[in-house]
Amino acid sequence: MKPKIKYVSKKKLYPAFGDTDTKKNIAYVRNDLPKIVKKFIKEHELYHLKDKSKNWFWREIKANVYGLFKHPFGFLLCVIMSLAPYRLRFYFERFRKGE
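Our subject in this report is the structure included herewith. (Residues numbered from 1 in each chain as written. Predicted model: local features only at pLDDT ≥ 70, side-chain atom pairs only at ≥ 80, totals over all residues. Heavy atoms only, no water.)

## Looking at a nonpolar patch on the surface
Stated precisely, the cut-off is as follows: To count toward a patch, a residue needs a relative accessible area over 30% and no salt bridge; like charges are then connected within 9 Å, while nonpolar side chains (Val, Leu, Ile, Met, Phe, Trp, Tyr) are connected within 5 Å. Each accessible area value is a Shrake-Rupley result obtained with a 1.4 Å probe; residue values ignore everything except the protein chains displayed when judging cover. A pair is scored as a salt bridge if a Lys or Arg side-chain nitrogen falls within 4 Å of a carboxyl oxygen belonging to Asp or Glu. Here a helix means four or more residues in a row that DSSP labels H or I, a strand means two or more in a row labelled E, and each is numbered from the N terminus.
A surface patch of nonpolar side chains, about 640 Å² in accessible area, is lined by Phe-57, Trp-58, Ile-61, Val-65, Phe-69 and Phe-95. Sort the elements by how many residues they give to the nonpolar patch and helix α3 (residues 56-70) lands first, with five residues. Considering the arrangement of structural elements, one finds Phe-95 in helix α5 (residues 85-97).

## Observations concerning the side chain of His-44
Test applied: Note on exposure labels: buried denotes an accessible area under 20% of the residue type's maximum, exposed denotes more than 50%, and partly exposed covers the range between, all computed with a 1.4 Å probe on protein chains only. For the purposes of these results, a polar contact is taken to be a pair of N or O atoms within 3.5 Å, where, inside protein, one atom must be able to donate a hydrogen and its partner to accept one; residues adjacent in sequence count only when each atom of the pair is a side-chain atom.
On the secondary structure map, His-44 appears in helix α2 (residues 35-50). The class for His-44 is buried, based on a relative accessible area of 5%. Looking at His-44, its side chain comes within polar contact range of the side chain of Glu-60, at 3.2 Å.

## Thoughts on the nonpolar core
We count it as follows: We call a set of buried Ala, Val, Leu, Ile, Met, Phe, Trp, Tyr and Cys residues a nonpolar core when their side-chain atoms join them within 4.5 Å.
Counting residues in hydrophobic clusters, the biggest one holds eight residues: Phe-17, Val-29, Leu-33, Val-37, Phe-40, Ile-41, Cys-78 and Tyr-86. For this core, the leading source of residues is α2, giving three residues.

## So, the environment of Ser-9
Keep this limit in mind: Throughout, a residue-residue contact means that at least one pair of heavy atoms, one from each residue, lies within 4.5 Å.
Along the chain, Ser-9 turns up in the loop between β1 (4-8) and α1 (10-13). Note on Ser-9: relative accessible area 24%, which makes it partly exposed. Considering only alpha carbons, one finds Ser-9 and Phe-40, 31 residues apart in sequence, at a separation of 17 Å. Leave out the neighbours within four places in its chain, and Ser-9 touches Arg-30 and Asn-31.

In structure tokens:
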């Protein structure tokens, strides 16, 4: 089944920029992001849909590299946007929980 991409409001995903539903094969991307960041996030989330790795950190590295090669400027802007305090807290919590 071909994956679907859904652009959703910030309030549905905050503080994340994207997410996936592997059972329904759907990638979600926040619609308030700059266009080049949305392109990067879309590729990042589509990669997650096909990645079967169990280690969440390794999955994130691979999805970021995949998106980086497809949309390098989107990746760079995403990195800059991720320096916001709410995003840094989001990452800290993910590391703390190991997910």
